[in-house]
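One letter stands for each residue in the lines below.
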Amino acid sequence: MAQFLQQMVNGLSIGSVYALMAVGYSLVYSVMNFSNFAHGGVIMFGAYFGFFGITLLKLPFPAAFVLAFVGTAILAVLIERIAYKPLRERKAPFLYFIISAMGASIFLENIIIATIGPTFRTYPDVFGRSSIALGPVAVGRLDLIMFAVSAVCLTGLVLFVEKTRMGRAIQASAYNMKAAALMGVNTDRVVMIVFAIGGMLAGIAGVFFGMKYTVYPQIGNITTKSFVAAVFGGLGSLPGAVLGSILLGIIETLVAGYLSSQFRDLIAFVILIGVLVFRPTGIMGKTTEDKA
Amino acid sequence: MSDILQVRGLTKRFGGLAAVSEVDFSVREGGIAGLIGPNGAGKTTIFNLITGVYKVTAGAVTFEGKDITDTEPYKIADIGITRTFQNIRLFKNLTVFDNVLTACHASAGYGLFDSLVRTPRFRREEKVLRDKSIELLSILGLADRKDAIANGLPYGLQRRLEITRALALDPRLLLLDEPAAGMNPDETEQLMRLIADIRDRFKLSVLVIEHHMDLVMRLCEHIVVLNFGQKLADGTPDAIRGDKCVIEAYLGGGDE
Amino acid sequence: MSSYIEGIIMLSGINLIAVLGLSLLTGFAGLFSFGHAGFMAIGAYSAAICTTILKLPFAVGIAAGGATAAGASWLIGRATLKLKGDYFCIATLGFGEAIRLILDNFQGLGGARGWPGIPPSTTIWNILILDVIGVALLANLVRSRHGRNMIAVREEELAAQVAGIDVFKYKMLALVVSAAYAGVAGSLLAHYMTFIQPKMFSMVKSTELTIIVIFGGLGSISGSVLGAVVLTFLPELLRAVDKWRLVVYGLAVIGIMIGRPRGLMGGFELTPASLRRHFADRKEAKAAKAAQVAEDAELGKDGL
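Residues numbered from 1 in each chain as written. Chains lettered and ligands numbered in written order. Predicted model: local features only at pLDDT ≥ 70, side-chain atom pairs only at ≥ 80, totals over all residues.

Draft legend 1. The arrangement of the overall build of chain B in detail. Tallying secondary structure elements over chain B gives ten helices and ten strands in all. The C-alpha atoms of chain B give 19 Å as radius of gyration, which agrees with the globular expectation for 256 residues (18 Å, within 12%). Overall, the C-alpha framework of chain B stretches about 65 × 40 × 35 Å when taken along its three principal axes. By residue count, 45% of the 256 residues in chain B fall in the buried class. (Helix = DSSP H or I, 4+ residues; strand = E, 2+ residues; numbered from the N terminus. Rg over C-alpha atoms; globule rule 2.2 N^0.38 Å. Buried ≥ 20, exposed ≤ 12 C-beta atoms within 10 Å, placed from the backbone.)

Draft legend 2. Structural view of the interface of chain C and chain A. The interface is formed by 33 residues belonging to chain C together with 36 residues belonging to chain A. For the side of chain C that touches chain A, the secondary structure elements donating two or more residues are helix H3 (58–80), helix H4 (85–105), helix H9 (203–216) and helix H11 (242–259) of chain C. Broken down by element, the side of chain C that touches chain A gets its largest block of residues, 14 residues, from H4(C). Looking at side-chain class alone, the side of chain C that touches chain A contains 24 nonpolar, six polar and three charged residues. (Contact = placed C-beta atoms within 7 Å. Nonpolar A, V, L, I, M, F, W, Y, C, P; charged D, E, K, R; others polar.)

Draft legend 3. Up close: the domain arrangement of chain B. Residue and element names in this part refer to chain B. Domain boundaries in chain B define domain 1 (1–80 + 172–256) and domain 2 (90–169). Inter-centroid distance (C-alpha atoms) of domain 1 to domain 2 is 27 Å. Taken together, the contacts link nine residues of domain 1 with seven residues of domain 2. Secondary-structure elements contributing two or more residues to the side of domain 1 that touches domain 2 are helix H2 (73–79) and helix H7 (185–202). Among the elements that line the side of domain 1 that touches domain 2, the one with the most residues is H7, at three residues. Residues of the side of domain 1 that touches domain 2, tallied by class, amount to six nonpolar, one polar and two charged. (Domains from an automatic or database assignment.)

Draft legend 4. Quick peek at unusual backbone geometry. One non-glycine residue, A:Asn33, lies in positive phi territory at about 60 degrees. Notably, B:Asp170 is not glycine yet its phi reads approximately 50 degrees, a positive angle. Along the polypeptide, B:Asp170 turns up in the loop between helix H6 (155–167) and strand S7 (173–177). Owing to 16 C-beta atoms within 10 Å, B:Asp170 belongs among the partly exposed residues under this scheme.

Draft legend 5. Structural detail: the confidence of the model for chain C. Residue and element names in this part refer to chain C. Within chain C, residue pLDDT values average 86, and 85% of them lie at 70 or more. Across chain C, the element-wise mean pLDDT spans from 61 in helix H12 (residues 272–303) up to 97 in helix H8 (residues 167–193). Under a pLDDT of 50 for its full length, residues 300–304 has, in the predicted model, zero contacts with residues more than four places off or in other chains. As a predicted assembly, this complex carries a pTM of 0.84 together with an ipTM value of 0.91. (pLDDT = per-residue confidence, 0-100.)

This is how it looks when you write it as structure tokens:
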């Protein structure tokens, strides 16, 4: 039982970081209606920003953390301006967005390989290795901080989307971009804000992944899990993305703990295919009828 | 003359909202019928229900005596019904000729193997399709534009091409969704003659959604008036012109 | 011919077959796949099983590679082709990665370390012959009612349906044919390298194939051929600046999407007839322009 609880806690912590990625991805999807495959590149940059903030600039962790997510927010907005905005203005089909995103993703990964090199780098030990006992369960400091920060970010995002004017504009644009524009919503700004938020959350996730594992140019590949989580929860639904991510994190940890760690990555795709076959709209997704 | 299409108790709800409720009407074989009503009255929804684009909530659609309710859209064409769209949907990047040729596909029966290795059967049947496409384009007056890209045609000709494409499937019932939208009076006049001409030449029946009252009144032998998803009236143009309900709700509203 | 050049020609010939398949799916049927490397993997491993374990002839291995990939694609298609665009895309991505991870963990076929000792049966001749057959079959297919129906689905799904085209069926046909091509390419690759490893069939490979198709131009077979050859040779010629290669690649992809979304050839086919037409058009345009200039001059005179 103690072992099971332990796995659950670990799963919850990693799942909450998946949620940071998946929410950013899902947010962009809901407004722009395409899969932003450059999201992984932004996450990777976040991991590097944080790493170099601490090692090169000798910043204290909180400052490096802020540097990372501000940097990725700017990066995400830049990518949108350069790679997507011209397509948006031309009303190009979603295919072109995806391809452009793929180009951006290849560029981001390889510019790092070309300049910094493909080596794996390990974050300095910021929080210490000791763990905190919560009853029968021992929680690593990093896990606890990851969970807490993610929870705060996600709550903040929900409040932002539900309570502010901009948040409602985002909801309206997600529902129908054209109609929102007609009602006086500045959709160009909405898109910018959405990418900034997505980029920020990606940066935070990047720093955490870097600390949990290591930093390397392909770390962005981990976003395939956020696609899975988003589909699992229901594509385009924010609560769905969170729920899907946390479930995915828990299932992965349980599989790694009880079956084999080799199956940990496989299970995500088994879930993906299962969901697509049996319930393509995911847990929270709604079925809609197209208007002809 | 018998009815080619019958619609009975047709109802469609989106969520709680009834877009169409309990609508009955029929189209006579060889006739031209009109479907009119203000925006949002449910006209296009009825087309979408007949052609299987939407699932019917309640009611039935009968074509030539057979129940065709909720048949998949691609089978509707085989059954003998084709349509055009309010916001023209052509195969935009293809030539005028290829638009029509593609729609002729049902007139050929060669299989995948015939395609891959170009068997004599393939050559024979392809020739039939090409001849048929050219013939249709000549009848509709588009032959000299056959190599133009569909997207680059003037608006009126795009509408005409969409009708040509529909005819390529040899329909017995043609559904036209606002064919005169965005046309000037001259073009509208031409279109009206074209529709009547098509009906006679191809021996088919027509159901048309239209806003131009003038066109509907002169073209149609039978008119169905919708308002808020319900049928308001049903009859000959003269009867409709004199119908009090219609005058109040629609014609008299002054928004035509 | 030096064996180095021959090697590159063989690789581009193998790539070409996979690219042709993807060209049908993406360029003609308008579907986007991130999992084609997965179909190549299935083809490669099935063919290798046939030739090394079952000791069957190479030709049987190639056929089996194509057939198993086609079969797998049929299963995927049944589950996902009815879903909207992005779902299919994500499903293929999940499928491709899943195949790779399964092979990684399947020790019977070498696992992540790979599978050496496959006979070197692939020759430059059987690649070239299959290339020619592949191009011919595809060219025939897209100029038949089956191909036209796929194009119609790409252009305007709803209109295609109303025109009596079973959208699901034609998407499936495009997917299955394209997976068969990928399977054949995988078989050839396995017997060219004589060593296969799941890593060779990662998402990077799928992306590379897609980029070749885009670069060549959606909806153009000659574009795909050109793309496969150029984009296999180019990296080899650019060995010196190897690490910047993919940086430029990424930027080029964005550039093409923004500036020349139809790719190198975009819908235009390189055939004697099309060339004649092209030059005739240009002559005509020149003549028209000359006439216009003359007319303008005339008008200008009147204006004075």
